[in-house]
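If you want the building blocks of each chain, they are given just below.
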Amino acid sequence: MAVQKGLAIGDVAARTGLSVSAIRFYEGRGLVHPERSSGGQRVFLRSDIRRLSFILIAQQIGLTIEEIAVLLSSLPERRTPTKADWGRISKAFRTMLDERIALMERTRDKLDGCIGCGCLSLKKCALYNPEDRARSLGTGPRFLLENISRVSGDA
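As a starting point, this report considers the structure included with it. Note that this is a predicted model, so its numbers are computed, not measured.

### Some remarks on the overall build of the protein chain
Here is step 1 of the chain: Scanning the protein chain from terminus to terminus reveals seven helices and two strands.
Here is step 2 of the chain: When its helices and strands are written in sequence order, the protein chain yields α-α-β-β-α-α-α-α-α.
Here is step 3 of the chain: Out of the 155 residues in the protein chain, the part that is buried amounts to 33%.
Here is step 4 of the chain: Looking at the protein chain alone, contacts between residues at least 24 apart form 49% of all its contacts between residues at least 6 apart.
Here is step 5 of the chain: Split by element, the accessible area of the protein chain, about 10,100 Å² in all, is 54% carbon and sulfur.

See below:
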């Protein structure tokens, strides 16, 4: 009996909880690179299970396919990533997570108060954003997105 070198797409779907169509989508976006059998079927490495699991987790926390692709681009394509390979990607991923956590904390802490959008609808705006000076910082909720605590100078 021959030893199976790789996994069929159905086996990978069962192991990751992803649908076959999702796995094909990720392949089409260049996030996984299965081999092809002599019959044309996709054959995945066992390491693709970890890669697909990483994709699933990254999407759950809000990373885009493009951001995920950048992170995964540092992993080897034709061999199982080593602990050092995953350590490198984890460091970059951790930085992205820290930035998102900081934004979520600022949102939580400022959402019911002034978020620096220049709306002038709250009584606090006269104190935190006199004469709508936040407009000089750009559009949208600048205090929240850029963690700015006050606006100084003329707009």
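Read on, since the account is not over.
### Let's talk about the pattern of salt bridges
Here is step 1 of the chain: On inspection of all chains with the given rule, the structure shows six salt bridges.
Here is step 2 of the chain: Across the pair Arg-36 and Glu-27 runs a salt bridge whose closest N-O atoms are separated by 3.6 Å.
Here is step 3 of the chain: For Glu-27, a relative accessible area of 19% gives the class buried.
Here is step 4 of the chain: Here Arg-42 and Glu-27 are joined by a salt bridge, their closest N and O atoms 2.4 Å apart. Of the two residues, Arg-42 sits in strand 2 (residues 42-43) while Glu-27 sits in helix 2 (residues 20-28), which places them 15 residues apart along the sequence.
Here is step 5 of the chain: Each of the salt bridges in this network shares a partner with another, and the network as a whole consists of Glu-27, Arg-36 and Arg-42.

### So, the packing of aromatic side chains
Here is step 1 of the chain: For the structure shown, the criterion picks out three aromatic pairs.
Here is step 2 of the chain: Between Phe-25 and Tyr-26, the ring centres sit 5.7 Å apart and the planes meet at 65°, which makes this aromatic pair edge-to-face.
Here is step 3 of the chain: Since its relative accessible area comes to 41%, Phe-25 is described here as partly exposed.
Here is step 4 of the chain: Its relative accessible area of 5% is what places Tyr-26 among the buried residues.
Here is step 5 of the chain: Consider the rings of Phe-54 and Trp-86, whose centres lie 5.9 Å apart with planes at 55°: the pair is tilted.

### A look at the environment of Ser-74
Here is step 1 of the chain: When you line up the elements, Ser-74 lands in the loop between helix 4 (65-72) and helix 5 (83-110).
Here is step 2 of the chain: Taking relative accessible area as the criterion, Ser-74 reaches 33% and is therefore assigned partly exposed.
Here is step 3 of the chain: When the C-alpha positions of Ser-74 and Arg-88 are compared, they lie 8.0 Å apart, and in sequence the two are 14 residues distant.
Here is step 4 of the chain: Among all residues touching Ser-74, those that are not within four sequence positions of it are Arg-88 and Ile-89.

Rules used throughout
- Residues numbered from 1 in each chain as written.
- Predicted model: local features only at pLDDT ≥ 70, side-chain atom pairs only at ≥ 80, totals over all residues.
- Heavy atoms only, no water.
- Helix = DSSP H or I, 4+ residues; strand = E, 2+ residues; numbered from the N terminus.
- Buried < 20%, exposed > 50% of the residue type's maximum accessible area, 1.4 Å probe, protein only.
- Contact = heavy atoms within 4.5 Å.
- Areas by Shrake-Rupley, 256 points an atom, 1.4 Å probe, with all protein chains shown as cover.
- Salt bridge = Lys/Arg side-chain N within 4 Å of Asp/Glu carboxyl O.
- Phe/Tyr/Trp six-rings, centres within 6.5 Å; stacked < 30°, edge-to-face > 60°.

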